[in-house]
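Here is what each chain is made of, one letter per residue.
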Amino acid sequence: MTNLVQFVEIQRLLEEIEAVEDKLAPNELEMYRTLKSRHADPGPIPFGDVTCLEVILRNVAIRKGYDMAPRKH
């Protein structure tokens, strides 16, 4: 059975990452695209997907704070 609360949370995180997609490191971009395609439709949410998206957003914020370019450092 699909947990709609988790699905909405995943969609919210995917939208936040989409807004900063140009600031993602190559491995983060690949993971984002994989998770975006995996969660296009409601379904079971594998353990760790929400955490993974939160970590990507955290990494973007950290790099912004240190003025680091993801493709240079």
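A few points on the structure. Computed from a predicted structure; not experimentally measured. (Residues numbered from 1 in each chain as written. Predicted model: local features only at pLDDT ≥ 70, side-chain atom pairs only at ≥ 80, totals over all residues. Heavy atoms only, no water.)

Structural notes on the nonpolar core
This is how it is decided: Throughout this description, the term nonpolar core refers to a set of buried Ala, Val, Leu, Ile, Met, Phe, Trp, Tyr and Cys residues connected via side-chain atoms within 4.5 Å. Exposure is judged per residue with a 1.4 Å probe applied to protein chains only, and the accessible area is read against the type maximum: over 50% gives exposed, under 20% gives buried, and values in between give partly exposed. Where helices and strands are cited, they refer to DSSP runs of H or I of at least four residues and of E of at least two residues respectively, numbered from the N terminus. In what follows, a contact means two residues having at least one pair of non-hydrogen atoms within 4.5 Å.
Within the largest apolar cluster, 14 residues are counted, with the highest numbers of intra-cluster contacts made by Ile10, Leu13, Leu14, Ile17, Leu24, Tyr32 and Leu53. For this core, the secondary-structure elements that each account for two or more residues are helix H1 (4–19), helix H2 (26–38) and helix H3 (49–65). Looking at which element gives the most residues to this core, the answer is H3, with five residues. Discounting chain neighbours no more than four positions away, the residues touching leucine 24 are Ile17, Leu29, Tyr32, Ile56, Val60, Arg63, Pro70 and Arg71.

Here we look at the pattern of salt bridges
Applied cut-off: Salt bridge, as used here, is a side-chain nitrogen of Lys or Arg placed within 4 Å of a carboxyl oxygen of Asp or Glu.
Summed over the entire model, instances satisfying the criterion amount to seven salt bridges. A salt bridge links glutamate 18 to lysine 36, with the shortest nitrogen-to-oxygen separation between them at 4.0 Å. Of the two residues, glutamate 18 is situated in helix H1 and lysine 36 in helix H2; the sequence distance between them amounts to 18 residues. In this structure, arginine 38 engages aspartate 49 in a salt bridge whose closest nitrogen and oxygen atoms are separated by 3.0 Å. Of the two residues, arginine 38 is situated in helix H2 and aspartate 49 in helix H3; the sequence distance between them amounts to eleven residues. Overall, the relative accessible area of 44% leaves arginine 38 in the partly exposed class. Residues joined by salt bridges that share partners form a network here, namely Glu9, Arg12 and Glu16.

Any link to function would need more than the numbers given here.
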